[in-house]
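Summary of structural features
If you want the building blocks of each chain, they are given just below.
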Amino acid sequence: MLVHTMTPSATLMSKMHAVLIKDGHGPIENLYIGETDKPVPAKGEVLVKIVAFGLNRMDHYQRQGGYPIPPGASSILGVEFSGRVTELGEGVTRWVVGDEVFGLVGGGAYAEFINCDEGLLLKKPGHLSWVEAASIPENYITAYQALVKYGEVKKGDHVLVHAGASGVGIAAIQIARELGAATVTATASTAEKLNWLRSIPNGATHTVNYRTEDFAAEVKKTTNGKGVDIVIDFVGQSHWAKNVESLAIDGRMTILAAMSGNEVSTVNLGPIIYKRLRIQGSTLRSRSVQYQTELITSSIFRDIIDKVTGVNGGGPIRTYIHKVSIFFCSSDAVGHGHTIPQVYPWTEIQSAHHEMADNKNSGKIIVEVR
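Reading guide: rules and limits
Residues numbered from 1 in each chain as written. Predicted model: local features only at pLDDT ≥ 70, side-chain atom pairs only at ≥ 80, totals over all residues. Heavy atoms only, no water. Axes fitted to C-alpha atoms, helices over the stretch in contact; angles between N-to-C directions. Helix = DSSP H or I, 4+ residues; strand = E, 2+ residues; numbered from the N terminus. Parallel < 35°, antiparallel > 145°, perpendicular 65-115°, else oblique. Contact = heavy atoms within 4.5 Å. Buried < 20%, exposed > 50% of the residue type's maximum accessible area, 1.4 Å probe, protein only. Right-handed = clockwise from strand over helix to strand, strands pointing away. Pairing = 2+ DSSP bridges. Polar contact = N/O pair within 3.5 Å; in protein donor to acceptor, adjacent residues only side chain to side chain. Expected span 1.5 Å × (residues − 1). Core = buried A, V, L, I, M, F, W, Y, C linked by side-chain atoms within 4.5 Å. Salt bridge = Lys/Arg side-chain N within 4 Å of Asp/Glu carboxyl O. Phe/Tyr/Trp six-rings, centres within 6.5 Å; stacked < 30°, edge-to-face > 60°. Lys NZ or Arg CZ within 6 Å of the ring centre and 35° of its normal. Nonpolar A, V, L, I, M, F, W, Y, C, P; charged D, E, K, R; others polar.

In the nomenclature of an unreviewed UniProt entry, the protein chain corresponds to Quinone oxidoreductase putative from the organism Suillus discolor.

Another aspect to go through is the packing of helix α4 (residues 137–150) against helix α10 (residues 289–297). For the pair α4 and α10, interaxial distance at closest approach is 11 Å and the crossing angle is 80 degrees. By the criterion of interaxial angle, the relationship of α4 to α10 is roughly perpendicular. Residue-level contacts link I141, Y144, Q145, K149 and Y150 of α4 to Y291, L295 and I296 of α10.

The next point concerns unusual backbone geometry. Most peptide bonds take the trans form, and the phi angle of most residues other than glycine is negative. Although it is not a glycine, D23 adopts a positive phi angle of roughly 65 degrees. Structurally, the position occupied by D23 is in the loop between β1 (15–21) and β2 (31–37). Within the chain, N224 stands out as a residue other than glycine whose phi angle is a positive 55 degrees. With respect to the helices, strands and loops of the structure, N224 is situated in the loop between α7 (215–222) and β11 (228–233). Judged by its relative accessible area of 76%, N224 is exposed.

Once that is clear, we can look at the pairing of strand β9 (residues 183–188). Counting buried positions along β9 gives 6 out of 6 residues, so the element sits mostly inside the fold. Of the two faces of β9, the one lined by T183, T185 and T187 and the one lined by V184, A186 and A188 are each fully buried. In this view, the connection linking strand β8 (residues 158–161) to its parallel neighbour β9 by way of helix α5 (residues 167–178) has right-handed handedness. Across 4 bridges, β9 lies against strand β10 (residues 206–209) in parallel orientation.

What follows covers the environment of Y291. Along the polypeptide, Y291 turns up in helix α10. For Y291 and K43, which are 248 residues apart along the polypeptide, the C-alpha to C-alpha distance reads 18 Å. Non-local contacts of Y291, meaning those with residues more than four positions away in its chain, are made with Q145, K149, Y150 and L284. Only 2.7 Å separates the side chain of Y291 from the side chain of Q145, close enough to count as a polar contact.

An ideal rise of 1.5 Å per residue puts 16 Å on 12 residues; α5 measures up with 17 Å between its terminal C-alpha atoms. Within α5, 10 of the 12 residues are buried, which leaves the element mostly enclosed by the surrounding structure. For α5, the complete set of buried residues consists of G167, V168, G169, I170, A171, A172, I173, Q174, I175 and A176. Following α5 by one or two positions, G180 has its phi on the positive side, about 100 degrees.

Membership of the largest hydrophobic core comes to 82 residues, with the highest contact counts inside it found for F53, L55, F81, Y140, L147 and V159. Per-element accounting of this core gives the leading share, 8 residues, to α4. L160, F215, V228 and V244 belong to the second-largest nonpolar core, a separate cluster that totals 12 residues.

The next thing to look at is the sheet that holds β8. In spatial order, the strands read β10-β9-β8-β11-β12-β13; together these 6 strands make up an open sheet with parallel pairing. Two strands in the sheet have a free side with no partner beyond their single neighbour: β10 and β13 (278–281). Pairs of neighbouring strands in the sheet enclose a mean axial angle of 15 degrees, with direction left out of account.

This structure, assessed with the given rule, holds 13 salt bridges. The closest approach of N and O atoms between R84 and E100, which form a salt bridge, is 4.0 Å. Of this pair, R84 sits in strand β4 (residues 80–88) while E100 sits in strand β5 (residues 100–104), and the two are 16 residues apart along the sequence. On the accessibility criterion, R84 (39% relative accessible area) is partly exposed. With a relative accessible area of 30%, E100 lands in the partly exposed category.

Using the criterion set out here, one finds 3 aromatic pairs in the structure. When the centroid spacing of 5.4 Å and the interplanar angle of 65 degrees are considered together, the rings of Y144 and F301 count as edge-to-face. Taken together, the residues span a long stretch of sequence, with Y144 in helix α4 and F301 in helix α11 (residues 299–306) at a distance of 157 residues. Exposure remark for Y144: the relative accessible area of 6% places this residue in the buried category. Ring centres of W196 and Y320 lie 5.2 Å apart, and the angle between their planes is 85 degrees; this geometry places the pair in the edge-to-face category. With W196 in helix α6 (residues 191–199) and Y320 in the loop between β15 (317–318) and β16 (323–329), this residue pair connects regions lying 124 residues apart in the sequence. For Y320, a relative accessible area of 8% translates into the label buried. Positioned over the ring face of F113 is K49, at 5.8 Å from the centre of the ring.

What follows concerns the packing of α10 against α11. One way to put it is that α10 packs onto α11 with a least axis distance of 5 Å and a crossing angle of 55 degrees. By the angle between their directions, the pair α10 and α11 is classed as oblique. Of the residues in α11, those touching α10 at L295, I296 and T297 are S299, F301 and R302. Grouping the amino acids of the contact of α10 with α11 by side-chain chemistry returns 3 nonpolar, 2 polar and 1 charged.

So this is what it looks like as C-alpha cells:
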C-alpha cells in the first residue's frame, strides 16, 4: 500500500493566517491572528492574495454572534478586499495570475488569501492605492443598490442620507450629487462630521445633527415644503416616523440596517398610503452571486466606479479613508493640530474594531495584511 506523506513545505502551503475569533464569537478582545486552512479555488473562482481589507458594521455584529453568515460563505470576517490574483479555478476566463484586483465576497477577507467568484472582482486602476481600492466594493455597491436600483434617483431629486459619515453614506452622497440630485441632506451625530461632509467635493448640500435637530422639519425647509424623494436609512426604529414624515409624494425609502432596533411600537399607515410611498428593505451580503454580479457589471455602476479617485485624485467621486486628529506642540508651545489617514496593520485589528464600535470614523476604516 502506497502511503502519501506531505512534505513540510506542502503542509505549510496548505495553511494561512487569518483574523479569527476565540470561541467563535464574543467581544473585540476575542479577535486574534491564527492559522487556518488556505482556500482552494473552485470552478469559476479566483484565489487572491490579500493586501488590504475594509471594515464594515456587519463585521461588528457577526463578531458578536448577531449576524447570520450566508450559506456557503467563510466564517472568517470581512467582505471586501484588494490584492493580487495567485491562482485560477476551472473555467475562469476574465482574469490571469498577477492581475491586481479588488472585490466583494460573502466572508473571509480578514485573511492572507481568499476565494472570490470571478464576476465579483474589478480591476484595480493604477491611480488607486491598495488601501483606496479596498475601501470601495461594499460601500459603492451598497450605495448604488439603495440609491439607483431601488431609489431610482434622477436629476432634480431631493435625497436624505442617514449615517452620512459612514462609508456607504459618503458614497451615496457623492453618487447622488454626480447623478444630478438637487439637494442631498446628510445626518450625523457631531458638528465635526457634519462640517466635513459639507466641505468635501460633491459632498452634502445640507446637514442635520439628528441628536439635536429635527431632520424631518429641516428637509421640509430645504425642499420648500415638498419633502425628499429618497431616504437611505441604516438606523431603523428611532428614525422611522420622521423618515415617513420627510418623504415627498411618491417618495422612496431604502432601509439597509436597523442600528436603533427592529421594532416600531406604532405605525400610522395613512402617510404611506396617501403619499404613495415605496419602502424597500435590502441587504447585499445575502444576495446571490448572480444578483451581485449584475450590479457590478451594470453600465451605470461601471461609469460610477470609473470616476472614483483617492482623496487627492481630483475626481468627481472620491473614496475617503478614516483619519485621526493629531495634536502637537511646537517649540513656542503653541498647539497645532492636523489629521492623517489611519490605516491599521492587521496586528492591530482590535484597535480598528474599537474605532468602528465607538463610531469615531469619518470615512472607511482599512486594515493592511502586514
